[in-house]
Amino acid sequence: MSKEKTKQQFFCESCGAQSLRWEGRCGACGAWNSIKEFRPARSVPGTHPRGFSHPVVPQLLSEVQQNAAQRMVGMGSELNRVLGGGLTPGSVALVAGDPGIGKSTLLMETLAGFSQSWPVLYVSGEESLEQLRQRADRLGVSGERFPVLMENRLEAVIQAVEVAQPEVLVVDSIQTMASESSPSAAGTVSQVRECAGRLIHLAKTRNMAVFLVGHVTKDGQIAGPRVLEHMVDTVLYFEGERGHDYRILRAVKNRFGPSNEIGVFEMCQSGLREVTNPSELFLSERIRGATGSVVFPGIEGTRPVLVEIQSLVAPSVFPQPRRNTLGWDPNRLAMLTAVLEKRLGLGFFNHDIFLNVAGGFRITEPAADLAVAASLFGSLKNLSLGSGLVVVGEVGLGGEVRAVSHVATRLREAAKLGFDRAILPEKCMKTIADVPKMELAAVSSVEEMIQKLP
Ligand code: TYD
Ligand code: MG
């Protein structure tokens, strides 16, 4: 009995932290009622060998055979780039996103591309075969080399893999799979961990690439355990704003390529269309020369993306003025307004501030600080900053402008799209050898930046 008890484990559903006993609140992340019991599965023949038939001998790293060159390059350059130059055999990728964002669409198109050159298998635990056929018709996927299976039982999926011998497998979604070896219901922490673990094992032993679809819960974490993120090789988030047609596939973890790389798609009537020049898309609805509008040359992964930052600063009638941000960290906005008030004596304290990254894009780089500061200043003073200007730089608490990475790449992209003036950190001037035809204004503080505005 006591032996049985020690086997119980408890995990937090939201952060994946382990705890010794059930608690109402997770000690690691503070989430309430998120600790769930996890019963380790009974060992399944073939996966947990009790005894070892071969001696266990470590190998010298230099003698390990490399076959990294074999990448499976499917259709579509966006996904290939996000994966780090094609799909790696034996790798497991988690594709996570909100329900209805287009994960099944993306994976059906992707798999149809791979099916031209490799055997594939699409397992759906959520949709009937007719529904899959309907989507295929809509996407123009002929389906001749596209085996599909509607199945929730993990053991049946494994059997189907043994028979069909695919080299690329899609499991849509991992939350609908259940293994017989675990007594809990599909979608629970223990089932998701167990099923993912078994599929990863299968991928590694068969050298088969696997895409797992994972739904995201309201608070932005993959339902069930975030633990899944640690288990897989690649984590891709499929994101998009409601009311916008474009979607972004973002690699937040990648063992085979750069992380933070993005692919941009547009959801059309007949599926996802690749957007090869996202800057044009994000700037397409810009009103040139509007007050409070500034273009920021961003970098996502290895790729430059120009986005417009808009702000509206208006006198407030509330004792506590409103601060609304979309696509930008509210804490960072609070820091920037404090710096501008302290260093430049600007009065934001009695103004409401609405800050938008246009098009619903999300910026996480601190390199956008200076552009946000310019936008706030422009709106407060009712200044048009011109339509040919880009602004880049990180702002410190002392009002100093700090260096940012990849300045040359950012400016080259801006020049390509017709921008002719840039405000950038002084310290970055050394790093740009081949400056495109642009007027450059180097600044070392926010005060200086204000002086350099038109
Ligand atoms: P889906 O791939 O089913 O989303 P998920 O698997 O992430 O839940 O996509 C659902 C949405 O995409 C649905 O609202 C309809 C839309 N859609 C299109 O606009 N065009 C298309 O060609 C397809 C297949 C779907
Ligand atoms: Mg789906």
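Owing to the predicted nature of the structure, the values given are computational and were not obtained by experimental measurement.

A. Looking closely at the packing of aromatic side chains. Using the criterion set out here, one finds five aromatic pairs in the structure. Ring geometry for tyrosine 122 against phenylalanine 146: centres 6.0 Å apart, planes inclined by 35°, an arrangement best described as tilted. Of the two residues, tyrosine 122 is situated in strand 5 (residues 120-124) and phenylalanine 146 in the loop between helix 4 (129-139) and strand 6 (148-150); the sequence distance between them amounts to 24 residues. The exposure class of tyrosine 122 is buried, given its relative accessible area of 0%. Where phenylalanine 282 meets phenylalanine 361, the ring centres are 4.7 Å apart and the plane angle is 55°; that geometry is what we call tilted. Taken together, the residues phenylalanine 282 in helix 8 (residues 278-283) and phenylalanine 361 in the loop between strand 16 (351-357) and helix 10 (369-380) connect sequence positions 79 residues apart. Considered together, phenylalanine 282 and phenylalanine 361 belong to a single accessibility category, that of buried residues. These aromatic residues form a ring-pair network of at least three members: Tyr246, Phe282 and Phe361. When the ring centre of phenylalanine 11 is taken as origin, the NZ or CZ atom of arginine 193, which lies over that ring, is 4.3 Å away.

B. A look at the sheet that holds strand 3 (residues 35-38). If you walk across this open sheet you meet the three strands as 2-1-3, and the pairing is antiparallel. At either end of the open sheet lies a strand with only one pairing partner, and these are strand 2 (18-19) and strand 3. Direction of pairing for strand 1 (residues 9-12) relative to strand 3: antiparallel, over a ladder of four bridges. Bridge pairing links phenylalanine 10 to glutamate 37 in strand 3.

C. Structural view of the pattern of salt bridges. Enumeration over the complete set of coordinates arrives at 22 salt bridges. In this structure, the salt-bridge partner of glutamate 239 is arginine 362, at a minimum N-O distance of 2.8 Å. Here glutamate 239, found in strand 9 (residues 234-239), pairs with arginine 362, found in the loop between strand 16 and helix 10; they are 123 residues apart in sequence, far enough to count as distant. Here aspartate 369 ties to arginine 332 by a salt bridge, and the two come within 2.6 Å at their closest N and O atoms. Of this pair, aspartate 369 sits in helix 10 while arginine 332 is found in helix 9 (residues 330-344), placing the two residues 37 residues apart along the sequence. Aspartate 369 sits in the buried class, given a relative accessible area of 0%. Ionic contacts of the salt-bridge type, sharing partners, join the residues Glu78, Arg81, Glu261 and Arg303 into one network.

D. Quick peek at empty space enclosed by the protein. The full count for this structure, using the stated rule, is two cavities of 30 Å³ or more. Here the largest cavity is characterised by a volume of approximately 40 Å³. Together, Arg286, Gly289, Ser293, Val294, Val295, Leu385, Gly386 and Leu389 line the largest cavity. With three residues, the top contributor of residues to the lining of the largest cavity is strand 13 (residues 293-300). Considered class by class, the residues forming the lining of the largest cavity number four nonpolar, three polar and one charged. The volume enclosed by the second largest cavity comes to roughly 30 Å³. In terms of residue class, the lining of the second largest cavity is built from three nonpolar, five polar and no charged.

What counts, and where the lines are drawn
Residues numbered from 1 in each chain as written. Chains lettered and ligands numbered in written order. Predicted model: local features only at pLDDT ≥ 70, side-chain atom pairs only at ≥ 80, totals over all residues. Heavy atoms only, no water. Phe/Tyr/Trp six-rings, centres within 6.5 Å; stacked < 30°, edge-to-face > 60°. Helix = DSSP H or I, 4+ residues; strand = E, 2+ residues; numbered from the N terminus. Buried < 20%, exposed > 50% of the residue type's maximum accessible area, 1.4 Å probe, protein only. Lys NZ or Arg CZ within 6 Å of the ring centre and 35° of its normal. Pairing = 2+ DSSP bridges. Salt bridge = Lys/Arg side-chain N within 4 Å of Asp/Glu carboxyl O. 1 Å grid on protein atoms, 1.4 Å probe; cavity = no way out; pocket = protein on both sides within 12 Å on 5 of 7 lines; lining within 4 Å. Points joined across faces, edges and corners; volume = space filled by probe spheres on them. Nonpolar A, V, L, I, M, F, W, Y, C, P; charged D, E, K, R; others polar.

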